[in-house]
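Residue strings, one per chain:
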Amino acid sequence: MNPISKFLVAVAALLCVAMPGLAMAQAKVPPAVIAVIDGQRINREAAALKNARQQLEQYRFNFQSEIAKEEEKLRAEEQEIARQRSVLAPEAFEQRRQAFQGKVIDLQKRIQERSQSLEKMLNSVRDQVTLQVVEILKGLAQERGFNIVLDRAQVQIFIGENIDITAEVLKRLDQRLPSVKVALPAGK
């Protein structure tokens, strides 16, 4: 017998011995029971997220009003610097121009920092909601016996509305977490 034939016989013998064990192992695995959840709908309709978005929107509006006032002051300062160009010495004009540019850059940095801060706050709220959703899903899994949850966006073919648990998750989420107090930055 050549080496390839010996190898094939050995593999065949191994498969004959291993197959009953594989069949027994497969018999112990519970069947997949699937539930589907619409994550986008939860993100859209959850009371806590709606509430947080309203808080953040008010904060953003107040900040934009503050920025508009500062931008108006900067425009007036820029016009004043432009008017004084002809009467100021070149070095003095350059100093004022550079100081003005520094103010503009500082304002841009504050705007960027505030935008990042708002995004972090919203992500923090989303994390809180996600933790609650996970706990709700664990409870529903015990109640209904499913062991796999898929997001509706991942499911190409959707058969049977009875596996969509989104409405129940939203109901329980809104009961558990009707609102979230957004931790807005102090003094801003």
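Check the entry above for the structure.
Criteria and cut-off values
- Residues numbered from 1 in each chain as written.
- Predicted model: local features only at pLDDT ≥ 70, side-chain atom pairs only at ≥ 80, totals over all residues.
- Heavy atoms only, no water.
- Helix = DSSP H or I, 4+ residues; strand = E, 2+ residues; numbered from the N terminus.
- Buried < 20%, exposed > 50% of the residue type's maximum accessible area, 1.4 Å probe, protein only.
- Contact = heavy atoms within 4.5 Å.
- Areas by Shrake-Rupley, 256 points an atom, 1.4 Å probe, with all protein chains shown as cover.
- Core = buried A, V, L, I, M, F, W, Y, C linked by side-chain atoms within 4.5 Å.
- Salt bridge = Lys/Arg side-chain N within 4 Å of Asp/Glu carboxyl O.
- Axes fitted to C-alpha atoms, helices over the stretch in contact; angles between N-to-C directions.
- Parallel < 35°, antiparallel > 145°, perpendicular 65-115°, else oblique.
- Left-handed = near helix turned anticlockwise from the far one by under 90°.

Enquirer: Talk me through the overall build of the protein chain; I want residue IDs and the actual numbers.
Expert: If you tally the helices and strands in the protein chain, you get five helices and two strands. For the protein chain, the N- to C-terminal ordering of α and β elements is α-β-α-α-α-β-α. Counting across all 188 residues of the protein chain, residues that qualify as buried make up 22%. Looking at the protein chain alone, contacts between residues at least 24 apart form 84% of all its contacts between residues at least 6 apart. Roughly 13300 Å² of accessible area belongs to the protein chain as shown, and the carbon and sulfur atoms make up 57% of that amount.

Enquirer: Describe the nonpolar core, with residues and values.
Expert: One recurring pattern in soluble globular proteins: nonpolar side chains tend to sit buried together. Ile42, Val129, Val133, Ile165, Val169 and Leu173 are the most contacted members of the largest nonpolar core, which has 26 residues in total. Contributions of two or more residues to this core are made by β1 (34-37), α3 (47-84), α4 (90-144) and α5 (166-176). Per-element tally for this core: the top contributor is α4, with nine residues. In this structure, Ile42 is in contact with Ile37, Leu49, Val133, Thr166, Val169, Leu170 and Leu173, ignoring residues within four places of it in sequence.

Enquirer: How would you summarise the pattern of salt bridges if you had to cite specific residues and measurements?
Expert: In total, this model carries twelve salt bridges according to the counting rule given. Between Arg110 and Glu70 there is a salt bridge; the shortest N-O distance is 2.8 Å. With Arg110 in helix α4 and Glu70 in helix α3, this pair connects stretches of sequence that are 40 residues apart. Across the pair Asp164 and Arg152 runs a salt bridge whose closest N-O atoms are separated by 2.5 Å. Linking Asp164 in the loop between β2 (148-151) and α5 with Arg152 in the loop between β2 and α5, this pair joins segments that are twelve residues apart in sequence. Each of Glu66, Glu70 and Arg110 takes part in one network of salt bridges that share partners.

Enquirer: Describe the packing of α4 against α5, naming the residues involved and giving the relevant values.
Expert: Following both chains from N to C, one finds α4 and α5 inclined at 125°, their axes separated by 10 Å at the closest point. Judged on the interaxial angle alone, α5 and α4 are oblique. In this structure, the crossing between α4 and α5 has a hand that is right-handed. Where α4 approaches α5, its residues Val129, Gln132, Val133, Glu135, Ile136, Leu137, Leu140, Glu143 and Arg144 are matched on the opposing element by Glu168, Val169, Arg172, Leu173 and Arg176.

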